[in-house]
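Spelled out, the chains give:
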Amino acid sequence: MASLLQRKLIVVTGKGGTGKTTVASALGLLGARSGRRTLVAELGDQHRLPDLFGRSHPSHPGAEIELEPGLWSTSIDPERALFEWLRTLGGRISTRMLAASSTFQYFAAAAPGAKELVSLVKVRELCERRHTDRDRRHDSANEDGGYDLVVLDAPATGHALAMLRSPRTFGAIVRAGPLAEQAQAVRAMLEDPAHSAYLAVAHGTEMAVSETLELEEGLRRQLDRDLDAVVVNGTMPRRFTRQELDSVSSATGKTASDSAPLVEAAGQAARAVYERGRVQRTQIARLRRQRFAGGKPPVLLTIPFLFTPELDLTAVHEIAAGLERKL
Ligand SMILES: Nc1ncnc2c1ncn2[C@@H]1O[C@H](COP(=O)(O)OP(=O)(O)OP(=O)(O)O)[C@@H](O)[C@H]1O
Ligand SMILES: [Mg+2]
């Protein structure tokens, strides 16, 4: 993972709801802690990170806001990114006019993948932006500053693969002009292991592990890249052995009648955690076994399920510390 944090771009994807945003936030904290100016870029109009850090949403869409020293966040809205990109071609047309115009509707419909590509062009700009003298003097938040590391909180697997495919798709359709050149540059960034890394987040379930395997296959087919890391999130603690659970079950029958329902419920809860953990270990073993024949095996990390009422910033710090220890 140390080498992971040394890339310019980490793309975090995986099955929906498995913890991509949580992991992207934890990686952001680790990047900033390691002294690198780090930006976590969310896609869509989400602002999960400002919420997590108790910051207000940016005053204008797409603005970069400082969450804590060395760590920023931004949100890239693909539709808006495309408006803005088209506006740079069209001169003084306002975003609103363009959005309503038939040119935009025509372009968006005729060029599937354009929004995704232009979003990646934005990501690349964030990765490539230079540090200014002003940053070096003040080392403070400003929107002209460059970043050492960009963590992309990408969409779930299928959409992420479509997005990562967009430079190639687009390059094949549009062979010349500014977008063709940018598509080429984005593609180079995505294909270069010195520059970018791919991290999958999964749960220890059959479906999430299958999706991770599909992601690995898709990455190889599309970009000739392997996953650099897989994070299995939400693993259950191994509190009891099978024998202990059996003795809990047999104790249930022997308990005095008024506390019997409570003992029964506690026994069921313990069994559920045990069973969930067992399935997770089977799936992690499957991931290790089936995964990535021939390719370089990714780092496999686990994050325990945190039994907190809310997954707040303290919990994300805990997750980041756990990931750091496993590096
Ligand atoms: N290790 C964990 N322990 C307990 N809860 C967790 C853990 N990781 C994530 N969660 C919770 O699981 C939910 C989903 O996490 P998160 O939003 O990070 O997933 P996601 O993959 O980004 O989802 P989406 O596909 O909707 O973007 C959130 O409520 C989050 O707080
Ligand atoms: Mg998310």
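Higher on the page you've got the structure.
Just so it is clear, the model here is predicted, and its values are computed rather than measured.

So, about the overall build of the protein chain. When helices and strands are counted, the protein chain shows 14 helices and eight strands. Across the protein chain, every contact between residues at least 6 apart in sequence was considered, and the portion connecting residues at least 24 apart equals 74%. Total accessible area computed for the protein chain in this model is approximately 16,200 Å², and 52% of it derives from carbon and sulfur atoms.

As a further point, take the packing of aromatic side chains. Per the stated rule, a full pass over the model turns up two aromatic pairs. Their ring planes at 65° and their centres at 5.6 Å tell us that W72 and Y147 sit as a pair that is edge-to-face. Linking W72 in strand β4 (residues 71-76) with Y147 in the loop between α8 (133-138) and β5 (149-153), this pair joins segments that are 75 residues apart in sequence. Side by side, W72 and Y147 carry an identical accessibility label, which is buried.

Time to look at helix α11 (residues 206-223). The end-to-end C-alpha distance of α11, which contains 18 residues, comes to 25 Å, matching closely the 26 Å that a straight helix rising 1.5 Å per residue would cover. Taken together, the buried positions of α11 are occupied by A208, V209, E211, T212, L213, L215, E216, G218, L219, Q222 and L223. Residues of α11 that are buried sit in contact with β1 (9-14), α9 (157-173), α10 (178-191), β6 (196-202), β7 (229-235) and α13 (260-290).

Let's shift gears to the environment of V11. By the secondary structure assignment, V11 is in strand β1. With 153 residues separating them in the primary sequence, V11 and L164 have C-alpha atoms 9.9 Å apart. Leaving out residues up to four positions away in the same chain, V11 has contacts with L152, A154, A197, Y198 and L199.

Moving on, we get to the pairing of strand β2 (residues 38-43). Within β2, six of the six residues are buried, which leaves the element mostly enclosed by the surrounding structure. What you see with β2 is no split at all: T38, V40 and E42 on one side and L39, A41 and L43 on the other are buried throughout. Where β2 and β5 come together, five bridges link them in parallel fashion. What sits directly across from A41, in β5, is L152.

Before going further, it helps to spend a moment on α9. Here α9 contains 17 residues, and its C-alpha end-to-end distance of 24 Å stays within 8% of the 24 Å for a straight helix at 1.5 Å per residue. When we look at burial in α9, the residues that qualify are T157, A160, L161, M163, L164, S166, P167 and F170.

As a volume, the largest pocket reaches approximately 450 Å³. Of all the secondary structure elements, the ones that give two or more residues to the lining of the largest pocket are β4, α4 (78-90) and α7 (114-128). When the residues that make up the lining of the largest pocket are grouped by side-chain class, the tally is eight nonpolar, five polar and eight charged.

So, about unusual backbone geometry. Note: most peptide bonds trans; most residues except glycine with negative phi. In this model, H47 sits at a positive phi of 60°, which is unusual for a non-glycine residue. Within the secondary structure, H47 sits in the loop between β2 and α3 (48-52). The phi dihedral of D224 falls on the positive side, at around 55°, and the residue is not glycine. The residue D224 is located in the loop between α11 and β7 in this model. Among the residues examined, D224 registers a relative accessible area of 65% and is labelled exposed.

So, how was this worked out
Residues numbered from 1 in each chain as written. Chains lettered and ligands numbered in written order. Predicted model: local features only at pLDDT ≥ 70, side-chain atom pairs only at ≥ 80, totals over all residues. Heavy atoms only, no water. Helix = DSSP H or I, 4+ residues; strand = E, 2+ residues; numbered from the N terminus. Contact = heavy atoms within 4.5 Å. Areas by Shrake-Rupley, 256 points an atom, 1.4 Å probe, with all protein chains shown as cover. Phe/Tyr/Trp six-rings, centres within 6.5 Å; stacked < 30°, edge-to-face > 60°. Buried < 20%, exposed > 50% of the residue type's maximum accessible area, 1.4 Å probe, protein only. Expected span 1.5 Å × (residues − 1). Pairing = 2+ DSSP bridges. 1 Å grid on protein atoms, 1.4 Å probe; cavity = no way out; pocket = protein on both sides within 12 Å on 5 of 7 lines; lining within 4 Å. Points joined across faces, edges and corners; volume = space filled by probe spheres on them. Nonpolar A, V, L, I, M, F, W, Y, C, P; charged D, E, K, R; others polar.

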